[in-house]
Amino acid sequence: MGHVVVFGNQKGGVGKSTLSVLYAFWLSDVHRQSVCVIDLDTQGNASKTLRGFDAGALAVDLFAGAATTMAPMRATAAQRPIALIAASKKLADVELSKPETVVPAFRRSVAQLAQHFDTVVIDTPPALGLRMSAALIAATRVVCPIELEEYSIDGVTDMLKTIFGIRQRYNPTLELAGIILNRFNAHSVRQKAAIQQLASRYPDFVVPARISTRSAIPEALAEGKAVWELARSSAREASAELKQTFMLLQSRIELSQQVVSREVAV
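For the structure given in this document, a descriptive report is provided here. Everything numeric in this text was worked out from a predicted model, so none of it was measured.

Procedures and definitions
- Residues numbered from 1 in each chain as written.
- Predicted model: local features only at pLDDT ≥ 70, side-chain atom pairs only at ≥ 80, totals over all residues.
- Heavy atoms only, no water.
- Helix = DSSP H or I, 4+ residues; strand = E, 2+ residues; numbered from the N terminus.
- Expected span 1.5 Å × (residues − 1).
- Buried < 20%, exposed > 50% of the residue type's maximum accessible area, 1.4 Å probe, protein only.
- Pairing = 2+ DSSP bridges.
- Axes fitted to C-alpha atoms, helices over the stretch in contact; angles between N-to-C directions.
- Contact = heavy atoms within 4.5 Å.
- Phe/Tyr/Trp six-rings, centres within 6.5 Å; stacked < 30°, edge-to-face > 60°.
- Lys NZ or Arg CZ within 6 Å of the ring centre and 35° of its normal.
- Parallel < 35°, antiparallel > 145°, perpendicular 65-115°, else oblique.
- Left-handed = near helix turned anticlockwise from the far one by under 90°.
- Nonpolar A, V, L, I, M, F, W, Y, C, P; charged D, E, K, R; others polar.

Some thoughts on helix α1 (residues 16–31)
Helix length check: α1, at 16 residues, gives a terminal C-alpha distance of 21 Å against a target of 22 Å (1.5 Å per residue), a fit within 8%. Counting buried positions along α1 yields 13 of 16 residues, so the element is predominantly enclosed. Where α1 terminates, the next one or two residues include R32, which has phi positive at roughly 55°.

Some words on the sheet that holds strand β1 (residues 3–7)
One open sheet holds the eight strands; their spatial order is β3-β4-β2-β5-β1-β6-β7-β8, and the pairing between them is parallel. Taken across any chain shown, the strands that pair with only one partner, and hence form the sheet edges, are β3 (54–58) and β8 (206–212). Between one strand axis and the next, the sheet turns by 20° as a mean value, whatever way the strands run. Two elements, β3 and strand β4 (residues 82–86), share three bridges in a ladder whose sense is parallel. The residue of β4 that forms the bridge with L58 is A86. Together, β1, β2 (35–39), β4, β5 (119–123), β6 (141–147), β7 (175–184) and β8 form the strand contacts of α1, whose direction differs from that of β5 by roughly 165°.

Topic: the packing of aromatic side chains
Counted according to the given criterion, the structure contains seven aromatic pairs. Here the aromatic rings of W26 and F246 are separated by 5.8 Å at their centres, their planes lie at 45°, and the arrangement is tilted. Placement of the pair is W26 in helix α1 and F246 in helix α8 (residues 233–265), with a sequence separation of 220 residues. On the basis of an interplanar angle of 40° and a centroid distance of 5.8 Å, the ring pair of F164 and F205 is categorised as tilted. Note that F164 is positioned in helix α5 (residues 150–169) and F205 in the loop between α6 (189–201) and β8, a separation of 41 residues in sequence. Taken together, the ring pairs connect F7, Y23, W26 and F246 into an aromatic cluster. Note that R210 overlies the ring of F184, its terminal NZ or CZ placed 4.7 Å from the centroid.

Notes on the packing of helix α3 (residues 99–114) against helix α4 (residues 130–138)
Running from N to C, α3 and α4 point in directions that differ by 45°, and their axes come no closer than 9 Å. Judged by the inter-axis angle, α3 sits oblique to α4. Like other packed secondary-structure pairs, α3 and α4 cross with a definite hand, here right-handed. Note on element contacts: α4 touches α3 through L130, A134, A135, I137 and A138, opposite P99, V102, V103, F106, R107 and V110. Along the lines of polarity and charge, the residues of the contact of α3 with α4 split into 10 nonpolar, no polar and one charged.

Here's the deal with the environment of E223
With respect to the helices and strands, the residue E223 is situated in the loop between α7 (216–222) and α8. With relative accessibility at 44%, the residue E223 sits in the partly exposed group. Sequence separation of E223 and T49 is 174 residues, and the distance between their C-alpha atoms is 7.2 Å.

Put into structure tokens, the structure is as follows:
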């Protein structure tokens, strides 16, 4: 089965959807992986960027266990093997459903999809609820993007408590792949201090790379493509940062998978 990687943070505006999409592009372009992206955010930002890869399925249907009709799908028509399971406004109704019904159904749906894709990437809403909980219960890895501002940093502790609580109670295979430092301003003394604070507080979790605020990133997403497809200097700089971050992140994901595999073998 493939990895199931959730991008999650209980605070909005940290670049969660942006990094979900770019990570999917990176897996496809650099690693030639088949990737399924599930958009659980009613804002649908990931769905807008990946509209050219729409698989014709809605994420809300996964909570009804409808993956049996979608499991064989792989986007072979496109150059990149990416399949989008899009968001819709109906996702908000999931929060009013019975957890004992929708959470196991979503977990089964994701497990079926993971049998057909190298990686399933899940973009989550910016709040703890049934959709976030279901994603974490279905996941193998969690990535926590963070913007280097005070409120965002304060929210990391809450997110980590949620992740480790889910792992203890529902999903013992869940691992935190890393905290990604996003929208970094190299001229900000405050942000530099925040990096040191995070690194000292969570030395095992912070990915040692930074993604700066660059106009090329939203421009590429608006065009439905990866940043490294844009031919301009700012795009090259953004691409270098993103690729370094994803390379380090992927090495952590694969290393933890090797550890799990050895434990299972023993």
